[in-house]
Amino acid sequence: MSLLEVNNLKTYFYTLRGVVRAVDGISFHIDEGMAFGLAGESGCGKSTTALSIMGLIKDPGKIVDGEIVFEGEDLLKKTKEELNQIRWKKISMIFQGAMNAFNPVHRVGDQIVEAILYHENISREEAWEKAEKLLEMVGIDPSRAKNYPHEFSGGMKQRAMIAMALSCNPKLVIADEPTTALDVIVQKQVLDLMKELQKKLKLSIMLISHDLSVIAQMCDSVAIMYAGKIVEYADAISLFKEPQHPYSKGLINSFPNILNPGKKPESIPGQPPSLINPPPGCRFHPRCPFATDKCREVEPHLVNIGNKHFVACHLIGG
Ligand SMILES: Nc1ncnc2c1ncn2[C@@H]1O[C@H](COP(=O)(O)OP(=O)(O)O)[C@@H](O)[C@H]1O
Ligand SMILES: [Mg+2]
């Protein structure tokens with residue numbers, strides 16, 4: 001049994017301009033101790049997927065279909081109180097842009113203490129000690145708990161965010177673009193830290209990034225998301241070695257390639273479509289150099305092309 005299984009999840013936003021089908025029928029699973037990567041350009045529905053799992057979709061958003069099965073139970077069938085026992089304690093999240101969310105007028109340690117006290121019934125002194133231990137675990141000198149956020153570098157702030165996400169010993173940590181604002185060297189340090197903690201604490205990780213080189217450094221399995229749907233899903237080795245979907249290939253080519261460092265990155269022309277009126281057929285067809293009439297008319301579904309490598313493209317696998 002997987003730790004988390006998402007089946008046919010659909011999350012829509014009912015806006016005045018129309019229904020935004022941000023997540024439109026996606027399925028994936030994360031096994032215990034594994035790292036799963038969700039990749040795709042901005043606006044493809046990655047954060048909405050994460051927030052759906054956390055039970056944090058707010059008006060005008062609504063989960064309209066699907067299952068989110070965690071440890072064998074569908075979270076979408078749980079009451080608010082039951083969800084509160086799972087959220088943060090079993091599944092925690094590092095939000096996109098979170099490291100800029102520290103309050104500048106409070107010491108970093110106090111902010112971690114507040115997060116701990118929100119979930120745990122312990123004294124402020126005990127929580128402070130715990131905050132120091134957590135900082136130490138993420139490679140920050142515990143004495144720095146007394147510092148204010150502006151005295152922390154970007155990398156340290158992101159480490160502190162990781163510490164906060166780990167404060168209740170979760171089984172699954174969802175990290176939404178955790179390294180996007182950092183330079184490459186610090187990015188690597190933060191990813192190395194996450195990898196180390198994953199092993200030490202036997203964590204499962206869901207890593208969200210628009211940058212496939214980040215996913216490649218960290219993940220065991222990968223789903224590529226485009227316009228609210230998963231277009232390719234495979235174990236990381238086969239996905240990076242033999243990407244099949246033209247979108248996956250384009251995405252891999254648009255970042256410096258660790259397998260082929262001499263190659264110059266090339267971005268995919270155009271941008272993801274509006275999710276109110278996405279293109280018919282394959283949603284990627286307006287940007288796809290290989291599109292045929294069938295691609296413009298018929299929606300492709302994920303097909304197993306062998307070894308659980310799934311691709312949704314008319315040009316592949318028959
Ligand atoms: N609160 C919201 N209200 C309306 N539309 C939203 C809201 N949040 C996200 N969306 C839309 O949902 C789509 C997916 O967004 P998001 O999940 O943030 O994508 P990603 O994380 O891949 O960049 C986008 O079209 C975005 O504009
Ligand atoms: Mg996002």
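Predicted model, so just to flag it, every value in this text is computed and none were measured.

Conventions used here
Numbering of residues starts from 1 in each chain and follows the order in which that chain's sequence is written. Written order decides the labels, with chains lettered from A and ligands numbered from 1. Local features in this predicted model are restricted to residues of pLDDT 70 or higher, and side-chain atom pairs are both shown and tallied only at a pLDDT of 80 or more, whereas totals for entire chains, interfaces and linings draw on every residue. To obtain the side-chain values, all non-hydrogen atoms of the structure were used and water was disregarded. Atoms of type N, O and S within 2.8 Å of a metal are treated as its donors, and for Na, K and Ca the window is 3.2 Å; water is not considered, so some sites may appear to be missing partners. What counts as a helix is a DSSP run of H or I of at least four residues, what counts as a strand is a run of E of at least two, and both are numbered from the N terminus. Each residue's exposure class comes from its accessible area (1.4 Å probe, protein chains only) as a fraction of the maximum for that residue type: buried when under 20%, exposed when over 50%, partly exposed otherwise. Cavity: a set of points on a 1 Å grid over the protein atoms alone where a 1.4 Å probe fits but cannot get out. Pocket: an open set with protein on both sides within 12 Å along at least five of seven lines, its lining residues, like those of a cavity, having an atom within 4 Å of a point. Grid points are joined across faces, edges and corners, and a volume is the space filled by probe spheres set on the points. Residues are grouped as follows: Ala, Val, Leu, Ile, Met, Phe, Trp, Tyr, Cys and Pro are nonpolar; Asp, Glu, Lys and Arg are charged; all remaining types, including Gly, are polar. For this description, a residue counts as near a given molecule or strand if any of its non-hydrogen atoms is within 4 Å of it. Polar contact is the term for a pair of N or O atoms within 3.5 Å; when the atoms are in protein, one must be able to donate a hydrogen and the other to accept it, and sequence-neighboring residues count only if both atoms are side-chain atoms. Computed by Shrake-Rupley with a 1.4 Å probe, the accessible areas treat only the displayed protein chains as cover when residues are assessed.

*Asks:* Looking at this structure, how should I read the coordination of the magnesium ion (ligand 2)?
*Replies:* For a metal bound by four donors in a tetrahedral arrangement, the ideal donor-metal-donor angle is 109.5 degrees, while six donors in an octahedral arrangement ideally sit at 90 or 180 degrees. The magnesium ion (ligand 2) binds to the protein through Ser 47 (OG) and Gln 96 (OE1), with metal-donor distances spanning 2.1 to 2.2 Å. Taken as a pair, Ser 47 in helix H1 (residues 46–54) and Gln 96 in the loop between strand S6 (91–94) and helix H3 (108–119) lie far apart in primary sequence, 49 residues in all. A relative accessible area of 22% places Ser 47 in the partly exposed class.

*Asks:* I'm lost on the layout of surface pockets in this one. Help?
*Replies:* Empty pockets left among the atoms are what a rolling probe the size of a water molecule brings to light. The volume enclosed by the largest pocket comes to roughly 620 Å³. Contributing elements (two or more residues each) for the lining of the largest pocket: helix H2 (80–86), S6, H3 and helix H5 (154–165). It is H3 that provides the largest number of residues to the lining of the largest pocket, a total of 5 residues. The residue makeup of the lining of the largest pocket, split by class, is 13 nonpolar, 7 polar and 3 charged. When its volume is computed, the second largest pocket comes out at roughly 400 Å³. Lining the second largest pocket are 17 residues, and of these Gly 55, Leu 56, Ile 57, Leu 83 and Arg 87 sit closest to its centre. Put simply, the parts of the chain that give the lining of the second largest pocket at least two residues each are H1, strand S4 (61–70) and H2. Looking at the lining of the second largest pocket, its residues break down into 8 nonpolar, 4 polar and 5 charged.

*Asks:* I tried to follow the environment of Leu 76 on my own but got confused; where do I start?
*Replies:* With respect to the helices and strands, Leu 76 occurs in the loop between strand S5 (73–74) and H2. Between the C-alpha atoms of Leu 76 and Asp 65, which are 11 residues apart in sequence, the distance is 9.4 Å.

*Asks:* What is the right way to read the site of ligand 1 from this model?
*Replies:* Contacts to ligand 1 come from 13 residues, most closely from Gly 43, Gly 45, Lys 46, Ser 47 and Thr 48. Backbone polar atom of Gly 43 to an oxygen atom of ligand 1: 2.6 Å apart, as the coordinates give it. The backbone of Ser 47 places a nitrogen or oxygen atom 2.8 Å from an oxygen atom of ligand 1. In the complex, the protein chains occlude 66% of the 560 Å² of accessible area that ligand 1 would expose alone. Broken down by secondary-structure element, the contributors of at least two residues to the shell around ligand 1 are strand S1 (4–15), strand S2 (18–30) and H1. With 3 residues, H1 is the single largest residue contributor to the shell around ligand 1. Broken down by class, the residue content of the shell around ligand 1 amounts to 5 nonpolar, 6 polar and 2 charged.

In short, geometric facts, not functional conclusions.
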